[in-house]
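Understanding the architecture of this molecule
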Amino acid sequence: MAQASLYAPPAQVLTLSTTISTIEGFFSLARQGLAPFSGGFGASVFGWSSLAAGDYSRSVGYLSFQFTGTTSSEQVQEIADLLTSGRLSADALAAIATAVDSQATLDTKIRLAQQIIATTPEFHTTNLANRNGNKRSPTPMQEASPDGYKAIVVLHLSGGLDSFNVLMPHSTCPLYSSYRKAREILALTEMDPITNSDPDLPCQTFGIHKKIPILREIYNDGNGIFFSNIGHLSKPVTKNNWYTETKTHLFSHKTMEREAQLVDAFQEDGWSTGVLGRMLDKLQARGLSVLANGIDGKGPIVEGNPATGRTVDVIPSWGVNTLTRQSLTSQDNDIASIETLMSYLNEETHLASGIFANYWAQNLIDTLNKTDYLSDLLSKTSLMNSNLFQGYVGKKLGIVSKMILKNSERQVNRDAFYVSMGGYDGHSLSNENLDQNLPVVNDGLAAFYKEMRDQGLLDNITFVLISEFGRTITPNSGLGSDHAWGGNSFVFGGEVDGGKILGKYPESFANTDPTNIGRGRLIPAISWESMWYGIANWFGITDSKEIEYVLPNNGNMGCQLYSDKDIYRNGNSTVPGCNDRVVGMKLSMFIKEPSSKLAPWSELLPIAQGMEQKRICKAAIAKVSNRANVTSRCIIVDQKVLVSVDTGRRRHLSDFSNIRYLQDVNASFTIEAEVALDYNDTSNKTGSEYIEDVTLFTADMNSELTGNCTGTCDFLIDNVAAVLAFEAQVTQAPSSSPSLSSVPSRQPSRAPSDTPSSSPSVSSQPSSKPSVSSSPSTKPSSGPSQSSQPSHVPSTSSAPSDQPTGFPFGNPSSSPSFLPSSVPSSSTGPSSDPSTQPSTSQNPSAMKSESPSASPWTFPSESPSKIPSDLPSKSPSNRPSSTPSDLPSNLPSSSFLPTQPEASSFPSESPSSHPSRDCPIVPETCGNGGMWSPYICKCLCIAPYCPNDTDQRCTETTCPPNYHNNLFRDCTYDCPWFKHTYSCVTAEQVPAGTPSIYRSKDACCVQNFPDDISGCKLRSAGFLQLKYNARFTISGIDCSFSSKDKAVASADIAKSIISFVCDKVPGLNCRKGDKVVVNKICGQNLEQGTEYSSSGRLRLLAGSVNEVVEFTIILYSIAESDLRLKDSLLGQYLQGSSLDIILTSILNDLIVNTSSRSIQSISALYYEFMDSFIQGLGLYYPAWGSLETCLNDGNQKDYMNDNPDLWMISTLEDCCKKYYSWDEIGCMKTNAEATLVSSSGSGPHFVDPTANLYYPDWGLTDTCINDGNAPPYMKKQAGLWMRSSLMDCCKAYYSWEDGYIACMSSGGGIVPTQSPVEGWCKSGT
């Protein structure tokens, strides 16, 4: 069929194993009916013991055909008509009739006819088979070429291996604390250490799970490599663009399993072939003898192009499956003579015969020949360590070992083996799952590794251990973990240059890590292509065109690939285009319209889709190659869309927001893409000159992409109207070596070089864009900037600009100017820092100063200063100060009448507790992310830095004990602002990994969200809260006291709980705002609480059963990991002896300090934990793509933040009703499950809001009831099916007279005298 360029999916399923199984199934059906015996199709219902032919006692059905003809020819004709619709030829019928005639009984005649016809091509296809009389010979075995032998063995652990508990930070590594905090109950404390020598990785010592020590042995032998945080990518992505740039259905077993084996994100070959199958395709085309093998089954990874005619040989782990030749009457294998007839019926055919019939016949003969040969070969093959190949994986690898050992007898140059093991979907009891499964893998790998080493074959194999994805770092409520993304893989072999870890292991397991998209789902740092690139090199795939076929998407990974030089000791291949230079490019394209008005949201956006991005890069690569003879690699790193509705309005279109712009007929769209171009330049540097020639490069790209090129336009993109610019930008970092070019670059560098340029810049014009240098210039510019945007960093030039700014910037400067302005400022907001020089403006400022001036001014201010000055005023103020000055005035008051206290609109309440000081040294910047405090004249620094003693800048790393823990505790004036999720937030504790802190939200937004400052200022990056629910059973309490007394008693109880829990639980570190709320006391619901304060207790009058007090400990933080740690601490200390101490303290405090007599009489407290949740405090949003519910954790998408009124909802109920109307209750229940941290029972305490609603009990009582057991479909849409009262339900569903009366009576309602319909009719309604 391959020669005829025909493809038949059913033919592709025919392997060694399936062909034999099919024939045996039909044989068994004829002999024993529908039963499992001898390879039968039936299920095992009555046991597995074999039966004689004709015994149907243990079958669930059998064939009961009875002949009507009297001769053998008539009888065979009847069966042939039924099974082949008369396609069998006369000579075939005659041969079968002769064989049937030799049988002694009618039953054996029928069975023989059924069995033999089931082997014919006429039975398996709809073709005619015209035999030519020549015996069909097996396809000869291809002879091996002199290229030697290599094998790749893939072991796929299906279900999603929790691989960050296979390779983890060792307990001696600083990263271990982050790992343990994030993994909580799943964190491992015992592990086998391995040493890492790569300084770019976060640990010198990593740990390997103790249940799989063979990985450590292979690693320490120098034969194994870990690939860290690897997974499926269509291109490298970030936290900001992964959702729009990744089209794969992430986190799905079936999808991700295929992606891990195909390694072809866009399936460009059209056949869904696997990476190993494509390797074999190319090697086979080169004349090598290749085979694809599966043990107990096959995976997509070994499937090749069907045009090659190669199929996958599937071999059972117990041995080769050969045809069972059992007797027609007994259990004996005594009808080998049937094979002569089978051979005749599958003879060679004339050309006029059907091609599919010919394929079946050849496949059958080849299979019988090959299975018998392999069975005999493997049965005679002995392994040196045969006793070690035990267990599920061991038996499979035992077959693989025998096949490898007999490679020369099998005449094979290249083998690809696929082995799999399931059971790794650890949604519950994840650690127990690994403890059970990993020893099975360990034993199999240990046996295989030893066998290959002892046989001297280790250099001939590469073993790859993979799983489709990793699992969430944070655990779920079932002590397990859920589907995630990036994970860890392991590769070993004799030629592997092992003992190292490739890839990028996470720097942190906190949600702040750049790879963490939530719940510890990690964006892969490297793709599957990164690993397979070098393995393909080792296997013999080195030509660039062959690599392009084997790894079609490798170009989309830039230079994030490992060649065989990186993976193998003797490797010498490199990745073309990755050995010389890298230049950033900016591509700007004008496009026609969104791809389709009917497309899904993600495709409706006018962004360049995956294949379009690849086409753009291929065009760039082709142009660079043709114009400058330069090899290059290209990838579109990121892109954004600018939409113009008219000439005066242009805005950034992010994700899915602002659909109205997409539908505006006047809208035009421009894509601005960031492109990375890596290239190997020639010695004369013609590549650099061409790439940096903006005019020429842009014109070339415009011609290619818009179809204006000469000849065939291979890179045309229909939706591109024009390429506006394709210009070389500067590199992200300075070159470690100076440029050797004699011609200066036409583009400035983004970062300064440590080596001066041999030639000055030839640019005669100032830059049209502001500098993005992290350090300001110390000299004035020789010409004014032509930038249309103000700089986000203030100038520190020693000379003032002689030109005023063209227009005011929307935010005040984060640092004051050191010289007066000759032109008054038109800033819309006051400066947050005092000026060191008086203003030269002749007019007073219209805004109040936030801080006092360091120098007095002649004219009094119209508004009082918020903070007192250390210097007296030269002129008296016409208005009193809101805070009294500690210094006398130099001039008397100008008031002619005594000032009355009530005349002041800003009366002083008390002296300032944080007066500003005249600091002797004020550094330009604090450095290392710190911020200046004018109150203590020091920089406030973030870990690991603290102020030095010289200029108070954040350069010291030897800090006082608890410096960072107490730095902002109970802060009032110096509370830090920092970036958190989609905005800026202030808190007493700065999370680890925060790069910078600021004195105001404005300053934080300017630095972190320069493209969306106003949105940042409006958005709230709210806190998370841990709600830890528990109850006390109180002995001796009198529950007969009044509601007012209960409120008092509840407040006292809350006050005692928050005091002693915060004081007695080590490490809990309660903060301002944390509180305890009593929810229920003596059967009465109420909300009475007390807030924690380090300086005292503040009573809050916010606003079961007897002897029970239900309460909630509420703790706040911006980091979920912090709250999970606190939940763990509460669970740890609210038990055993520590709980006794806390309860005794609470009991004594209540008896002594309460004013409630009912509380004074209590004698004992008994504690019981209920459950705990971590929830957000923001608005609710639909968590599409991860959970079928609404969340309020602040992790909503950008497009939701851009239009919160459209997307965000204030309550969970309303959000579920809007976005999950088909299952509102499921949405609310899923929210409870998703936010549950721990529980004393089987799940979260979820109050079903439909429990008291009435529903029609059709088919049972035929009335309306409210027992809480409504069918799920009614609960999912309660508003449609259920009613709040019995009467409304009866009216809705039993409105006829008898039905309505019966319905109302059944529920204890008032029996009506007429049906509601009759009443409505009489009233005219």
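So, here's what we can say about the structure. (Residues numbered from 1 in each chain as written. Predicted model: local features only at pLDDT ≥ 70, side-chain atom pairs only at ≥ 80, totals over all residues. Heavy atoms only, no water.)

**Here we look at a nonpolar patch on the surface**
A surface patch of nonpolar side chains, about 260 Å² in accessible area, is lined by L34, F41 and V60. Within the secondary structure, F41 sits in the loop between helix 2 (16–32) and helix 3 (72–84). (Patch = residues over 30% accessible without salt bridge, like charges linked within 9 Å, V, L, I, M, F, W, Y side chains within 5 Å. Areas by Shrake-Rupley, 256 points an atom, 1.4 Å probe, with all protein chains shown as cover. Salt bridge = Lys/Arg side-chain N within 4 Å of Asp/Glu carboxyl O. Helix = DSSP H or I, 4+ residues; strand = E, 2+ residues; numbered from the N terminus.)

**Quick notes on the sheet that holds strand 2 (residues 167–169)**
Sheets are built from strands paired through backbone hydrogen bonds, the pairs being either parallel or antiparallel. In spatial order, the strands read 2-4-3; together these 3 strands make up an open sheet with antiparallel pairing. The strands lining the two open edges of the sheet, one partner per strand, are strand 2 and strand 3 (192–195). Geometrically, the sheet is characterised by an average inter-axis angle of 40 degrees between neighbouring strands, direction not taken into account. Judged from the 4 bridges that link them, strand 3 and strand 4 (residues 205–208) form a sheet pairing that is antiparallel. (Pairing = 2+ DSSP bridges. Axes fitted to C-alpha atoms, helices over the stretch in contact; angles between N-to-C directions.)

**Observations concerning the nonpolar core**
In this structure, L397, I404 and F448 are the most contacted members of the largest nonpolar core, which totals 70 residues. Among the elements that take part in this core, helix 15 (residues 430–454) stands out by supplying 8 residues, more than any other. Non-local contacts of L397, meaning those with residues more than four positions away in its chain, are made with V153, F389, V419, G444, L445, F448 and F463. By size, the runner-up hydrophobic cluster in this structure holds 54 residues, among which are I230, F251, I526 and L561. (Core = buried A, V, L, I, M, F, W, Y, C linked by side-chain atoms within 4.5 Å. Buried < 20%, exposed > 50% of the residue type's maximum accessible area, 1.4 Å probe, protein only. Contact = heavy atoms within 4.5 Å.)

**Observations regarding the pattern of salt bridges**
Under the criterion given, the structure shown has 25 salt bridges. One salt bridge in this structure joins K210 and D192, with 3.2 Å as the shortest N-O distance. Linking K210 in the loop between strand 4 and helix 8 (213–220) with D192 in strand 3, this pair joins segments that are 18 residues apart in sequence. Residue D192 is classed as buried on the basis of its relative accessible area of 10%. The network of salt bridges with common partners includes E217, D221 and R453.

**A look at helix 37 (residues 1286–1293)**
Those residues of helix 37 that sit buried are L1286, C1289, C1290 and Y1293. Taken end-on, helix 37 shows its buried residues confined to a sector of 95 degrees, consistent with a single buried face. Where the residues of helix 37 are buried, they touch strand 33 (1255–1256), strand 34 (1264–1265), helix 36 (1278–1281) and helix 38 (1297–1306). (Arc of directions from axis to C-beta.)

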